[in-house]
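# Architecture at a glance
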Amino acid sequence: MGIPRGDRHPHGERPPVRGGRPLGDADGAMILVHGRGADAADILGLTQSWAAPGFAYLAPEAAGRSWYPQSFLAPTEQNQPGLDSALARLGELMAEIEAAGVPTDRTVLLGFSQGACLSLEFAARNPRRYGGVVALSGGLIGPPGGLVDHAGDLGGTPVFLGCSDRDPHIPRWRVEESAAAMESLGAEVEMRIYPGMPHTVNLDEVKWVRGLLSTLEHTGPS
């Protein structure tokens, strides 16, 4: 995917908020992608919920606190140029992490809501072995009946999808479609549907992430 420029890349000029260990000294990395109306510092606060001292954290920030203007279920063209710019921003951060010596199979993509949708979409469009992909209340991007059939191999990447059974923004059927699509790309998928949960992150999801990072830390650098 080519990197948009100028007004086609509204998210490109904003430096990420960083936490944890410096990239050059990190055993692993995580990109945290915030939701609509939030910001990078907001989602970076999640890292206080797990102990992973060897990880570097990078949280990009959307222009105007929104990665794309419409629902993730809207026709794709209605979410441009924001959508392409957001995906390009994740690609830029992945490249920075790799250049610092942290391999992709020790890099985790994690997002909430809009950020969860972007994390899944980026991994599906750029399939390879990641340290993990964590979608907290999100799904792949595209209109009903219009998911792209991506090709490639995620190589057993652990993928987590957690969502309420009645989320006002993320329908259960799209979460289920997304889980199936990621499995077809060779991911090891864990989907958890939480009865009656509001649009939020719960303790069970945090524990799953904590376990993923603990596993990556104990396996050591590749």
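Here the structure is shown first, and the text comes after it.
Here goes a summary of the coordinates provided. Once a new chain begins, its residue numbering starts again from 1 and follows that chain's sequence as written. In keeping with the predicted nature of the model, local features appear solely for residues at pLDDT of at least 70, side-chain atom pairs appear and are counted solely at 80 or more, and the whole-chain, interface and lining totals rest on all residues. Water and hydrogen atoms were dropped before computing side-chain values, which therefore reflect all heavy atoms in the structure.

## Brief notes about the pairing of strand β5 (residues 132-136)
Each residue is placed in one exposure class: buried if its accessible area under a 1.4 Å probe, protein chains only, is under 20% of its type's maximum, exposed if it is over 50%, and partly exposed if it falls in between. Helical segments are the DSSP runs of H or I of at least four residues, strand segments are the runs of E of at least two, and each set is numbered from the N terminus. Of all five residues in β5, five are buried, a share of seventy percent or more. The alternating pattern of β5 places Gly132, Val134 and Leu136 on one face and Val133 and Ala135 on the opposite face, and all of these are buried. When strand β4 (residues 107-112) meets β5, the two strands line up parallel, connected through five bridges. The residue of β5 that forms the bridge with Phe112 is Leu136. With four bridges joining them, β5 and strand β6 (residues 158-164) adopt parallel strand pairing. Bridge pairing links Leu136 to Gly162 in β6. One bridge is not enough; two strands pair if DSSP finds at least two bridges between them.

## Brief notes about unusual backbone geometry
In this chain, Gln80 is followed by Pro81 through a cis amide linkage whose omega measures 5 degrees. By the element assignment, Pro81 lies in the loop between β3 (55-59) and α2 (82-99). The phi torsion at Arg65 lies on the positive side, around 60 degrees, for a residue other than glycine. Structurally, Arg65 is set in the loop between β3 and α2. For Arg65, a relative accessible area of 42% translates into the label partly exposed. The backbone of Ser137 shows a phi angle near 65 degrees, a positive value even though the residue is not glycine. Among the secondary structure elements, Ser137 is positioned in the loop between β5 and β6.

## Things to note about the state of the cysteines
Criterion for a disulfide: a pair of cysteine sulfur atoms at a distance within 2.5 Å. A full pass over the atoms with the stated rule returns zero disulfides. Sulfur of Cys163: no disulfide; nearest cysteine sulfur belongs to Cys117 and is 9.1 Å away.

## Notes on the sheet that holds strand β1 (residues 17-20)
Strand order across the open sheet formed by seven strands is β1-β3-β2-β4-β5-β6-β7, with mixed pairing between neighbours. Edge positions in the sheet fall to β1 and β7 (188-194), since each of these pairs with one other strand and no more. The average angle at which neighbouring strand axes cross in this sheet is 15 degrees, direction not considered. Two residues form a contact once any of their heavy atoms are found within 4.5 Å. Note on method: axes are straight lines fitted to C-alpha atoms, helices fitted across the in-contact stretch only, with angles between N-to-C directions ranging 0 to 180 degrees. Across the face of the sheet, helix α3 (residues 114-125) comes into contact with β2 (28-33), β4, β5 and β6 while running at roughly 140 degrees to β4.

## A word on the environment of Ser214
As for its position among the elements, Ser214 is in helix α5 (residues 203-219). For the pair Ser214 and Pro60, spaced 154 residues apart in the sequence, the C-alpha separation amounts to 24 Å.

## Considering α5
Along an α-helix, residues three or four apart share an orientation, since each turn contains 3.6 residues. For a helix, the expected span equals 1.5 Å multiplied by the number of residues minus one. Over its 17 residues, α5 extends 24 Å from the first C-alpha to the last, a length consistent with the 24 Å expected when each residue adds 1.5 Å. Restricting attention to buried positions, one finds in α5 the residues Glu205, Val206, Trp208, Val209, Leu212, Leu213 and Leu216. The arc that holds every buried residue of α5, seen down its axis, measures 160 degrees, which confines them to one face. The exposed residues of α5 that point more than 90 degrees off its buried face are Leu203 and His218. Whenever two N or O atoms come within 3.5 Å, that pair is a polar contact, provided that in protein one can donate a hydrogen and the other can accept it, and provided that, for residues adjacent in sequence, both atoms are side-chain atoms. Among the residues of α5, the N-terminal cap falls to Asn202, whose side-chain oxygen and the backbone nitrogen of Asp204 are separated by 3.1 Å. Note that the arc is defined by the directions from the helix axis to the C-beta atoms.

## Concerning the side chain of Gln114
Residue position: Gln114 is located in helix α3. Within polar-contact distance, the side chain of Gln114 engages the backbone nitrogen of Trp67 at 2.8 Å. Not counting residues up to four positions away in its chain, the partners in contact with Gln114 are His34, Gly35, Arg36, Ser66, Trp67 and Tyr68.

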